[in-house]
Amino acid sequence: MPMTEKNATNPTTEPAVLHESVIGWFGEHARDLPWRRPDAGAWGVMVSEFMLQQTPVSRVLPVYEQWLARWPRPADLAAEAPGEAVRAWGRLGYPRRALRLHGAAVAITERHGGDVPADHGQLLSLPGIGEYTAAAVASFAYEQRHAVLDTNVRRVFARAVTGVQYPPTATTAAERRLARALLPEDEATAARWAAASMELGALVCTAKNEACLRCPIAAQCAWRLAGKPAHEGPARRGQTYAGTDRQVRGRLLAVLREATGSVPQSALDAVWHEPVQRARALDGLVADGLVEPLENGFYRLPQS
């Protein structure tokens, strides 16, 4: 397509060249992932999108397979207590995603007859579904034309077109305009482009140690052609885990996941030595709906 959103893209970077090169590369190098297979269906795509947020593929794969074996349709998950979703989530991290996925399954069952809706607006209205996830499900499950902007895609666009090493911390209006300007007109091609550009960011144009020699668009990459100028924005800090409330929450949840029923306060007290941080983490889990307090100092995973 011709450039629109005037000057939203680097004028030396032709979208048609990017499309052909990246989609061709994807055809040869795409990973064989279960949510990309035809039998995954829209529900399989949705589950994968929830699980892959801030979590690497290697950790997601075993949990994804177990989840779909147990809950092959949204109605199967909706029929269970939300605590079972938290239990099955295991150590994927950010367990509120499990509650949100359960809530989406309930809404799909009640509003859409148990089928993940194809309409982008209906997807966006589901609990726990934001702009990215709605676009991803509509694109990957239903081959619709949407700008799918995850961290990997944003990094590819920042480097190849904008000429900077990293995208902004949060997605900007300019990035959305750029993504729309780069979308192929044909819906199936646009969906393929979304998956291909994401895979390129995951495997080649990575945050560290980018493999430009293996990149299909290295010759057009504005950042490489500019000599790879260093990032000029705020320092990019890695996430810490040891000693944080996140670690304490994880240990508390591990006790509850492994229990068949409720557990006493004493069992939770044993997993972390610092009482103030432990109490704060437990209060946070209760406030987030991940833990249900009972009488006499007992706790369990949520049942409703």
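Whatever comes next refers back to the structure up there.
Within every chain, residues take consecutive numbers counted from 1 along the sequence as written. Residues qualify for local features only when their pLDDT is at least 70, as the model is predicted, and side-chain atom pairs are given and counted only at 80 or more; totals for whole chains, interfaces and linings, by contrast, use all residues. Neither water nor hydrogens contribute to the side-chain values; these are computed over all heavy atoms in the structure.

Q: Could you give me a rundown of the packing of helix 9 (residues 151–162) against helix 10 (residues 173–182), with the residues and numbers involved?
A: Where helix 9 contacts helix 10, the axes come no closer than 11 Å and their chain directions differ by 80 degrees. As judged from the angle between their axes, helix 9 and helix 10 are roughly perpendicular. Facing helix 9, whose interface residues are Arg154, Phe157, Val161 and Thr162, helix 10 presents Glu175, Leu178, Ala179 and Leu182. Each residue receives one of three labels: charged for Asp, Glu, Lys and Arg, nonpolar for Ala, Val, Leu, Ile, Met, Phe, Trp, Tyr, Cys and Pro, and polar for the others, Gly being one of them. Looking at the contact of helix 9 with helix 10, its residues break down into 5 nonpolar, 1 polar and 2 charged. Whenever a helix is involved, its axis is fitted only over the stretch in contact; in every case the axis is a line through C-alpha atoms, and angles between N-to-C directions fall within 0 to 180 degrees. Each helix is a run of DSSP H or I of at least 4 residues and each strand a run of E of at least 2, with the numbering of both proceeding from the N terminus. For classification purposes, angles smaller than 35 degrees are called roughly parallel, those larger than 145 roughly antiparallel, those between 65 and 115 roughly perpendicular, and all remaining angles oblique. Two residues form a contact once any of their heavy atoms are found within 4.5 Å.

Q: An account of helix 13 (residues 245–258) is requested, with residue identities and associated values reported.
A: Expected helix span is given by 1.5 Å per residue-to-residue step, counting one fewer step than there are residues. A rise of 1.5 Å per residue sets the reference length of helix 13, with its 14 residues, at 20 Å; its end C-alpha atoms lie 20 Å apart and thus fit the reference within 8%. Each residue is assigned to one of three classes by its accessible area relative to the maximum for its type, calculated with a 1.4 Å probe on protein chains only: buried under 20%, partly exposed between the two thresholds, exposed over 50%. Within the sequence span of helix 13, burial applies to Gln247, Val248, Arg249, Leu252, Leu253, Ala254, Val255, Leu256 and Arg257. In the core, the buried residues of helix 13 are packed alongside helix 5 (82–89), helix 6 (96–111), strand 1 (263–264), helix 14 (265–269), helix 15 (275–287) and strand 3 (298–300).

Q: How would you sum up the side chain of Glu84? Please name residues and give values.
A: Along the chain, Glu84 turns up in helix 5. Among all residues touching Glu84, those that are not within four sequence positions of it are Arg70 and Trp71.

Q: Report on the side chain of Gln277, specifying residues and quantitative values.
A: Within the secondary structure, Gln277 sits in helix 15. Polar contacts here mean pairs of N or O atoms no more than 3.5 Å apart (in protein, one a potential hydrogen donor and the other a potential acceptor; neighbouring residues in sequence count only if both atoms are side-chain atoms). At a separation of 2.9 Å, a polar atom in the side chain of Gln277 contacts the side chain of Asp245. When residues no more than four places from it in sequence are discounted, the contact partners of Gln277 are Gly243, Thr244, Asp245, Val248 and Trp272.

Q: Could you give an account of the sheet that holds strand 1, naming the residues involved and the relevant values?
A: Backbone hydrogen bonds are what pair the strands of a sheet, in a parallel or an antiparallel way. If DSSP finds at least two bridges between two strands, the strands pair. Pairing is antiparallel in the open sheet, where 3 strands are placed in the order 1-3-2. Two strands close off the open sheet at either side, each with one partner strand: strand 1 and strand 2 (292–293). In the sheet, strand 2 pairs with strand 3 via 2 bridges, with the strands oriented antiparallel. The partner of Glu292 across the bridge, within strand 3, is Arg300.

Q: Any chance you could break down unusual backbone geometry for me, citing the residues and the numbers?
A: The backbone of Gln54 sits at a positive phi, close to 60 degrees, despite the residue not being glycine. Structurally, the position occupied by Gln54 is in the loop between helix 2 (41–52) and helix 3 (57–70).

Q: With reference to specific residues and values, describe the pattern of salt bridges.
A: When a carboxyl oxygen of Asp or Glu is within 4 Å of a side-chain nitrogen of Lys or Arg, the pair counts as a salt bridge. Going through the model one piece at a time under the given rule, you end up with 16 salt bridges. Where Arg154 meets Glu175, a salt bridge forms, and the shortest distance between an N and an O atom there is 2.8 Å. With Arg154 in helix 9 and Glu175 in helix 10, this pair connects stretches of sequence that are 21 residues apart. Several salt bridges converge on common partners, so that one network encompasses Arg70, Glu80, Glu84 and Arg87.

Q: Please set out the environment of Gly24 residue by residue, giving values where relevant.
A: Mapping Gly24 onto the fold places it in helix 1 (residues 15–29). Separated by 55 residues in sequence, Gly24 and Ala79 have C-alpha atoms that sit 42 Å apart.

Q: Explain the nonpolar core residue by residue, including any values.
A: Grouped burial of nonpolar side chains is what soluble globular proteins tend to show. Among buried residues, those of type Ala, Val, Leu, Ile, Met, Phe, Trp, Tyr and Cys that are joined through side-chain atoms within 4.5 Å constitute a nonpolar core. Counting 52 residues, the largest nonpolar core has Trp43, Met46, Met51, Trp67 and Leu101 as its most contacted members. Those elements that place two or more of their residues in this core are helix 2, helix 3, helix 5, helix 6, helix 8 (131–142), helix 13 and helix 15. In terms of residue count, the dominant contributor to this core is helix 2 (7 residues). When residues no more than four places from it in sequence are discounted, the contact partners of Met46 are Leu101, Ile108, Val116, Leu123, Leu126, Ile129 and Val137. Grouped together as the second largest cluster of nonpolar side chains are 31 residues, Val156, Ala190, Ala194 and Ala196 included.

Q: Describe the packing of aromatic side chains, and please don't skip the residues or the numbers.
A: Pairing of aromatic side chains requires ring centres within 6.5 Å, counting the rings of Phe and Tyr and the six-membered ring of Trp. Pairs whose planes differ by under 30 degrees are stacked, by over 60 edge-to-face, and all others tilted. Applying the stated criterion across every chain yields a total of 4 aromatic pairs. With a centroid separation of 5.0 Å and an interplanar angle of 75 degrees, the aromatic rings of Trp35 and Tyr64 are classed as edge-to-face. Placement of Trp35 in the loop between helix 1 and helix 2 and of Tyr64 in helix 3 is noted, with a sequence separation of 29 residues between them. By relative accessible area, Trp35 is classed as buried at 9%. One aromatic cluster is present, built from ring pairs that chain together Trp67, Trp71 and Trp89.

Q: Describe the environment of Gln165, with residues and values.
A: Here Gln165 shows up in the loop between helix 9 and helix 10. For Gln165, a relative accessible area of 16% corresponds to the buried category. When the C-alpha positions of Gln165 and Gly233 are compared, they lie 9.8 Å apart, and in sequence the two are 68 residues distant. Among the polar contacts made by the side chain of Gln165, one reaches the side chain of Tyr166 at a distance of 3.5 Å.

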